[in-house]
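The primary structure of each chain is shown beneath.
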Amino acid sequence: MSEPLLEVRDLRTHFFTREGVVRAVDGVSLSVDRGRTLGLVGESGCGKSVTALSILGLIPKPPARIVGGEVLFRGRDLTTLSERELEDVRGKQIAMVFQDPMTSLNPTLTIETQLVETIRRHTDASRREASRRAVELLDEVGIPKPEARLGDYPHRLSGGMRQRVMIAIALSCEPDLLIADEPTTALDVTVQAQVLDLLDRLRREHDMAMIVITHDMGVIAEVADEVAVMYAGQIVEQASAAALFARPEHPYTEALLGALPQLEDHASRVGRLTAIPGRPPSLVEPPAGCRFAARCPYAGEPDGCAEHPPELRELRRGHFVRSEHPASERARPREGVSA
Amino acid sequence: MSSTPQEHGVGLAPLRQRKERRYPTPPDGVQTDAGAPIRASSLWRDAWYRYVRNRAAVIAGVAFLLLLAYCLIWPLVSPYDPYAVDFSQASESPSLAHPFGTDQFGRDLFTRTALGGRVSIGIGFAATFVILSIGVTYGAIAGFLGGFVDNGLMRVLDALYGLPYLPFAIIVLAIFGGGNFWTMVVALSIASWFTTARIVRGQVITLKENDYVRAAHAVGARWPRVLLRHLLPNTLGVLVIAVFLELPGVILGEAFLSFIGLGISPPDASWGSMAQDGYRAYRTAPHIIIVPSIAIAYLILCANFIADGLRDALDPRTRET
Amino acid sequence: MTRLIIRRVLWTVPVILLVILMTFLLMRQIEGNPFRHSERAIPASIQRNLEAKYGLDDPWYVQYVRYVRDVATFDLGPSLVLRNRDVNDIVREHFPPSLELGALAMLFALVFGIPLGLLAALRANKWPDYSAMVVANVGFAVPSFLVATLLIYFFAVRWGDIFDVPTSGWDTWQSKILPTIALGLGPMAYFARLTRGSVLETLQQDYIRTARAKGLRRRRVVVVHTLRNSLIPVVTAAGPILGFLITGSFVIEQIFAIPGIGRYYVTAVTARDYSVVMGLTVLLAMIVIVANMVVDILYGILDPRTREAR
């Protein structure tokens, strides 16, 4: 499996609005291998959802447009496909699960309709066969009494169940890649773990690749094999999950991990969470240099990372960083800080 | 090998070291994206800015004001007497001397339209005001008191919805024995306030349950204050929009009633009565009916665009298409 | 579902009673009665006899109850002004044209308005949208009497040789074209704008994005997912509009000389022909109520969420 299933190269998606051009995704490169899970993490507004939507060409076309880069899926560049060709890819080869299951399901159609229409779109199944398959899928995602649920409308189900239905829909045509955009954010904490377990199990059983998008490091820790950290429209660090948690390099990643409340250490329960002061930069006029510079404790060194944007470079095997001051290269503590 | 805290694994960093990591402190004042300070602005100022950016709404607003100015001022300065009959000038097409032409009685239409505008627009606003007054009171009481009272009032309202608007207006006019300004106002408003009542009730209920009302209570504010500072300003927006939404219906109602002879009747001028005059001569002098009709259409178009503009301006969540 | 329907139907009863009451009370406010204000001077003694005959000298609540009883048995009473004619006769003769006109206009408005709005929404902010909305706005703002007059002027007067379209009466199907357009243009424009707004709003919804992400063909997404949900506000508006079309068509009827009840209504009111006015008003009110009821039921069908809410 040397060829990655999905390879995104230098993707740029810009929104052309009245206030200016919003460079939501500005040079994102990542790859997912068959059967592996990539976690895409970052705070709200960093462009991770737009990246996912861009892969499938689902961005709202009037204001938004993919202005550069390639999205190679099984060797084909999805950005060059027509809408009709993309319709064949969506749901069949790449499926997507969205954040809020309440609004993501059509409230006026039954569960059965929403499942069956997907199945019949991509396969030759008859109505009866599709219905039967629908019941199988509902059972697989852990919904009790699936035959009874078929005739229900979305508002009759709980949040967790609705999300399971969405997952069932996504799986219905055996996709190679599943993109889950904040799959647990809108759910209760107790249900979150269940849904994550479900996703992981299904991925293994169907030998699917998965991209999980989230702002929650805990979710990453649970399911991701590889992690890409996004900030202000760019990937700032990418590594295997183990490596990222063990040795985060980028100052932003360090801050993200430092902001996690921890329960184990008594010392860490006393004191305050380190929040990162300031806000992400405007994506209409991004800063000339490193985009994290304004909030970075290591910025402004003589090498001027605030003026020249750092490139994404491979620090160690499989570990990429976009920073002039990755942790490994900070030999000396900063001036003025006692060791 | 550096000695950063993270070498020890996530979360096990000694507190001392974590505390000493320094982040750049923001300068005085709150920081925004590009570092510029935030300017405090009220809801109304925001709305104004948004409204002004909407080209159609601005044009409509200006057009509306121009119309009002025309109706108010022109009759005062016009060289023509809108009531003077002069058959030698009858039914003339628009010209420089008479920009809208003259009617069958030789009266200058440009002046009569302005005069008629006073009446029609006046009735429009007055009736709208009455509609809003009744509707707001009814809806506010129902929404505010809730429960049994609300239920009862809404049932009655459901029943009232069955009253046909125009026939009732006709009956009311017959009661008063004819149409003049005030009878028209009553006739047009009597069966049109139901929708407003329903909207206001819905608004009041939503706002009552709103979290910021609870928050206000939590800090000790009592109902009169809550009403004044929170509920009223938010309903105001809806009401302003409602004015411009009701206006076209009332204007058309007045036009129809006057057209069939029940409302304002000649020689008094309203756009509807002028249309009635013009109708009789449509074969030979179509401009006589066209002029007041265009005036009505003009007003309705302005009102629609203004209402749309206001709606977009006051509800920031309306997405741009 | 059937419970919903039954409840709605039952509710119409108190509504009708209320309508009768209000009309009744209002009519009583009009000074005089048909006999005192008749064009032919009637001697006072005969006036009294006539009043007694028609029961006009009884107290109002007695009259009211008697009237309600009559309505329940579909007896709308005799016309007080036109001898030898019952209100029922008048209704039977003149109501069908008005009803037909209203229905045709409604059909016209829906058939042309909804697709226009849909087209505008799907090509939002491009030329089809702009031109469609110009048409819609103009159609909405221009009063129907002008539309009617212009139609007559062009089709009958100017181009009378090319088009053989009658402009009065309601007998042949050609005679129904112009009035339908004149009456239906306004509502058509209204539906177009409403549909456009509703479709645009629906397109922003998350579930449309999901439908696209499933790879569904565009046509299915538009028709099954978007249109169904967008039509809900249109249906809600259609009820009152139908009521308005039927009850407010008197202007069009006058212009096109259509023998409908609109013209009758106005004359009856001015002549204080109580029974005709009462009968017609009750009838019109019932139309409005039925239209609203149908809308409510349709709404329940279109939006499953409301079925249990009540």
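Residues numbered from 1 in each chain as written. Chains lettered and ligands numbered in written order. Predicted model: local features only at pLDDT ≥ 70, side-chain atom pairs only at ≥ 80, totals over all residues. Heavy atoms only, no water.

> Can you help me understand the overall build of chain B in this one?
Secondary structure summary: chain B contains 12 helices and 0 strands in total. Scanning chain B from its N terminus toward the C terminus, one meets helices and strands in the order α-α-α-α-α-α-α-α-α-α-α-α. Here chain B, with 321 residues, has 47% of them falling under the buried criterion. Pairs at least 24 residues apart make up 68% of the contacts formed inside chain B by residues separated by at least 6 positions. (Helix = DSSP H or I, 4+ residues; strand = E, 2+ residues; numbered from the N terminus. Buried < 20%, exposed > 50% of the residue type's maximum accessible area, 1.4 Å probe, protein only. Contact = heavy atoms within 4.5 Å.)

> Can you help me understand the interface of chain C and chain B in this one?
By convention, interface size is frequently given as the accessible area that disappears when the constituent parts associate. Tallying the contact residues gives 46 residues for chain C and 39 residues for chain B. A buried area of about 4000 Å², summed over both sides, lies between chain C and chain B, and 78% of it is on carbon and sulfur atoms. For the interface between chain C and chain B, the tally reads 0 salt bridges. Put simply, the parts of the chain that give the side of chain C that touches chain B at least two residues each are helix 1 (2-29), helix 5 (127-141), helix 6 (144-158), helix 7 (177-203), helix 9 (218-247), helix 10 (250-255), helix 11 (261-270) and helix 12 (274-302) of chain C. With 10 residues, helix 1 of chain C is the largest single contributor of residues to the side of chain C that touches chain B. Class assignment of the residues belonging to the side of chain C that touches chain B gives a composition of 31 nonpolar, 13 polar and 2 charged. (Buried area = accessible area lost by both parts, 1.4 Å probe. Salt bridge = Lys/Arg side-chain N within 4 Å of Asp/Glu carboxyl O. Nonpolar A, V, L, I, M, F, W, Y, C, P; charged D, E, K, R; others polar.)

> What is the right way to read the layout of surface pockets from this model?
In this structure, the second largest pocket spans a volume of roughly 1800 Å³. If you go around the second largest pocket, you meet 37 residues; those closest to its centre are Pro 60, Lys 61, Pro 62 and Pro 63 of chain A together with Gln 204 of chain C. Counting residues per element, the ones that place at least two in the lining of the second largest pocket are strand 1 (6-17) and helix 2 (83-89) of chain A together with helix 4 (87-122), helix 7, helix 8 (206-213) and helix 9 of chain C. By residue class, the composition of the lining of the second largest pocket is 17 nonpolar, 6 polar and 14 charged. (1 Å grid on protein atoms, 1.4 Å probe; cavity = no way out; pocket = protein on both sides within 12 Å on 5 of 7 lines; lining within 4 Å. Points joined across faces, edges and corners; volume = space filled by probe spheres on them.)

> Just to check I follow, could you spell out the confidence of the model for chain C for this structure?
Close inspection of predicted coordinates is inappropriate for parts of the model with low pLDDT. Residue and element names in this part refer to chain C. Averaged over every residue, the pLDDT of chain C is 80; residues scoring 70 or more account for 85%. At the low end of the mean pLDDT range in chain C sits helix 13 (residues 305-309), at 59; at the high end sits helix 8, at 92. Predicted complex, confidence summary: ipTM 0.83, pTM 0.79. (pLDDT = per-residue confidence, 0-100.)

> Just checking my understanding: could you explain the sheet that holds strand 4 (residues 64-73) of chain A for this structure?
By way of backbone hydrogen bonds, the strands of a sheet pair with one another, either parallel or antiparallel. All names here are of chain A. Strand order in this open sheet of 4 strands is 2-1-4-5, and the pairing throughout is antiparallel. Among the strands making up the open sheet, the edge pair consists of strand 2 (20-32) and strand 5 (76-77). With 2 bridges connecting them, strand 4 and strand 5 associate as antiparallel partners. Residue pairing across strands places Leu 72 opposite Asp 77, the latter belonging to strand 5. Docked against the sheet, helix 1 (residues 48-56) engages strand 1, strand 2 and strand 4, running at close to 105° with respect to strand 1. (Pairing = 2+ DSSP bridges. Axes fitted to C-alpha atoms, helices over the stretch in contact; angles between N-to-C directions.)

> Mind showing me how you'd approach the pattern of salt bridges here?
For side chains bearing opposite charge, pairing can occur when the charged atoms are close. All told, the structure shown has 33 salt bridges over all chains when counted by the stated rule. Close ionic contact of Glu 117 of chain A with Arg 220 of chain C constitutes a salt bridge, the shortest N to O distance being 2.6 Å. One end of the pair, Glu 117 of chain A, is in helix 4 (residues 111-122); the other, Arg 220 of chain C, is in helix 9, on a second chain. Residue Arg 316 of chain A pairs with Glu 249 of chain A through a salt bridge whose shortest N-O separation is 2.8 Å. Of the two residues, Arg 316 of chain A is situated in strand 11 (residues 313-316) and Glu 249 of chain A in the loop between helix 10 (241-246) and helix 11 (251-258); the sequence distance between them amounts to 67 residues. What makes Arg 316 of chain A partly exposed here is its relative accessible area of 26%. For Glu 249 of chain A, a relative accessible area of 1% gives the class buried. Residues joined by salt bridges that share partners form a network here, namely Asp 10, Arg 12, Arg 23, Asp 26 and Arg 291 of chain A.

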